[in-house]
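Tertiary structure, described
For reference, the chains in residue letters:
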Amino acid sequence: MNKTISINIAGFVFNIEEQAFEKLSLYLESIKRNFQHEEDCDEIMSDIESRIAELFHEKISDRKEVIIDSDVETVVEIMGKPEDYISDEPQAHAGTQSEEQAEFVEAEEVKSEGSTKNNGRRRLYRDEQNGSVGGVCTGLGWFFGIDPVLIKIAFVLLVILGGSGILLYIILWVVIPEAKTTAEILEMQGEPVTLDSIKDHVQGMKDGVKDGASDVKSNFKKAVNQGVKASSKLAQSLSKIFGILFTIGGIVGLLVLFIILFGDTGLLPLVGTEQVEDLPTLLGILYPENRSGMVFFAILIVTFIPIASLIFTGVKMLFGITTKYKKIAITSSVIWFIGATTLALTGIELGMNFRNQVEIDYEVPVEVDSTNTLFVDVAEDDIFSNFIEYNNVWNYSELIRVEDEKVRLGYPELRIVHKNDSTDFEVILYKGSNGLFHKEAIHKAENIDYKIDASNNTISLDPYFTINKEERLRNQQVIVEIHVPTGKKIKFGKNIDRIQVDVSDDYYRHNEMFNGTTWSATSEGFNCSECRDKRRMYDSF
Amino acid sequence: MKVENTKAQMRKGILEYCILTVLSKREAYPSDIIQELKEAKLIVVEGTLYPLLTRLKNAGLLQYNWVESSSGPPRKYYALTEDGQQFLTELKKTWNELYEAVQLISK
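Residue indices begin from 1 for each chain and proceed along its sequence in written order. As they are written, the chains are lettered A onward and the ligands numbered 1 onward, keeping that order. Under the rules for a predicted model, residues below a pLDDT of 70 receive no local features and side-chain atom pairs below 80 are neither given nor counted, while totals for whole chains, interfaces and linings still include all residues.

1. A word on the confidence of the model for chain B
In plain terms, the rule: Confidence scores per residue from the predictor, reported as pLDDT, run from 0 to 100.
Scored by pLDDT, chain B comes out at a mean of 85, with 97% of its residues at no less than 70. Scored by ipTM, the complex comes to 0.84, with pTM at 0.47.

2. Looking at the interface of chain A and chain B
Note the threshold: In this description, any two residues whose backbone-derived C-beta atoms lie within 7 Å of each other are considered to be in contact. Where helices and strands are cited, they refer to DSSP runs of H or I of at least four residues and of E of at least two residues respectively, numbered from the N terminus. For this classification, Asp, Glu, Lys and Arg are treated as charged, while Ala, Val, Leu, Ile, Met, Phe, Trp, Tyr, Cys and Pro are nonpolar and the rest, including Gly, are polar.
Taken together, the contact between chain A and chain B spans 28 residues of the former and 21 residues of the latter. When residues of the side of chain A that touches chain B are traced back to their parent elements, those giving at least two are α1 (18-35), α2 (41-59), α3 (69-79) and α4 (94-110) of chain A. A breakdown of the residues in the side of chain A that touches chain B according to their chemical character gives 12 nonpolar, 7 polar and 9 charged.

3. Some words on the pairing of strand β1 (residues 4-9) of chain A
All names here are of chain A. Selection rule: Any two strands with at least two DSSP bridges between them are considered paired.
Relative to strand β2 (residues 12-17), β1 runs antiparallel, the two being bridged by 6 bridges. If you follow Ser 6 over to β2, its bridge partner there is Asn 15. Between the antiparallel neighbours β1 and β2 lie 2 residues, among them Ala 10 with a positive phi of about 50 degrees.

4. Section: unusual backbone geometry
Notably, Ala 10 of chain A is not glycine yet its phi reads approximately 50 degrees, a positive angle. Examined against the element boundaries, Ala 10 of chain A turns out to sit in the loop between β1 and β2.

5. A closer look at the sheet that holds β2 of chain A
Strand pairing in a sheet is mediated by backbone hydrogen bonds. Such pairs are either parallel or antiparallel. All names here are of chain A. The following threshold applies: In this analysis an axis means a line fitted to C-alpha atoms, helices contributing only their contacting stretch, and an angle means the value between N-to-C directions, from 0 to 180 degrees.
An order of β1-β2-β3 is seen for the 3 strands of this open sheet, with the pairing classed as mixed. In the strand order of this sheet, the two ends are held by β1 and β3 (66-67), each with one partner. Strand contacts of α2: β1, β2 and β3, with the helix running at about 130 degrees to β1, the strand carrying the most contacts.

6. Describing the sheet that holds strand β10 (residues 452-455) of chain A
All names here are of chain A. Taken in spatial order, the 6 strands make up an open sheet running β10-β11-β5-β14-β17-β18, and their pairing is mixed. Of all the strands in the sheet, just β10 and β18 (525-529) have a single pairing partner and so form its edges. Strand-to-strand twist in this sheet, taken as the mean axis angle between neighbours without regard to direction, amounts to 20 degrees. Sheet analysis places strand β17 (residues 518-522) next to β18, joined by 5 bridges and oriented antiparallel. Paired with Ser 520 across the two strands is Asn 527, which belongs to β18.

So, in structure tokens, the structure goes:
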């Protein structure tokens, strides 16, 4: 019992056995290949189909209703094998054409154990069946006759050295056609497209046997093959090494990422200290209310996907997994781009919020008696620590603390400026902020909460200033400027290390050495007494 | 150099001439033409004929009529056009010259 299929050839319906049908459609497909580049292709094919219909018609009678295998074989015998249908383009390729035909005639007549000579007409296709992403590398491998892993390594190197590999890959992916039909796959592999080879290939795929190279090999070819095998082994071990590196690198990256995103950055010795607020909190005081969650998610996507694919690739290389995960690759690329776009757009939006800068100044009244010395203290730091030395803080985010609806910013600045033209101390408080509009920036600057106590020859500065959380971080700054007339002195008291001090643009406080120092304003500038070693202060930068 | 190659090339060279000659005698459909060519051992399989006919037709040397058939789809009956006639005359002349040249050399 055999299954039959109903087919229509040249307007006639035939019942044909499944096996015979497969043979017939392979036959027609491979004939068509010979003409496919000619404009008459359709006409020639329809003529041939008409004739086949006629021949089938002769085979059918009242007692025989079905076209069987042997009928198709008879038709092929009458019509000729696909090899016989060599199309000739009389002018340009007359020479090569006749040679090719001669080769086919030869092949047909010699028929050495069914193997035909490789006619060497390789074409470049993408091999999606065996490839990992788009089959570009595997296709190139077929084309140049080398192990695709070597090409893949070249691409990876291009990606590492500047990332051009990704762009190149995408371009090749678009440009190179995919090998879809059996005939195209054979062409890609450089095997001649004949009825036999197509049949063999289809059979091979059915049996799950991956067909190797052509049987006909000269000694030279064997030598080349051995070379390729050796390099393939090298490539395999390289692939393993890269696999291990990728996997380890990826896992480390993943750990770092998760600690930064969700955990305690204090666990990372180089990146931060336990002082730093976690990323969601920092985003929450930077981005508008409804944005911070989205931004966090986008950062998660944009960082996680490359790391995950690194691990993925590494594991695949390490264990020689050849399964393709094209859908996953495409989906995650799309998601990555969406994430990156989100980041870019929200980044631009955030940037707009810094457009206008404003600085407001307030005069702080101070009274200094005949000692002519103003003591400058910094209040106890209950938020950060008295023991934080401002100049050892590398990262401003270490000096941000979020408490309920308040944000404490631990980086006020103190400037000591020499004034020749006045006789009294002046203390000026500057509050600055950025904002989307000028007015908004003013509001934000005004809303900065900073306390200065001035009494009994002493001013006491807070080590931090405070903003409301809904104000968001908009480059808020606090600067206290003390104008010192000639002949008067400044003496730094306790905790002065806790804020950034800048004396007359000449001396930048660098370490604990400011503690207890006195600076007298003379007509030539400031003179420091009790400074242990002035030179050291410059050098220690 | 294989003798088969040369043989195939020689056959191929005169195939067009032979097809035109067959059609100069009468209208014919591809199977008829192939019959004659087969008898003359010029062609072995039918498939080769269809592209040739189409090409000659597109070159304006042949024309065809559809004729209903009792045993299948309608058939294309080919005939020479006037151009084809002229073309054939030219080829005939060349062929005769070639034939004589070969005869002369072979003597």
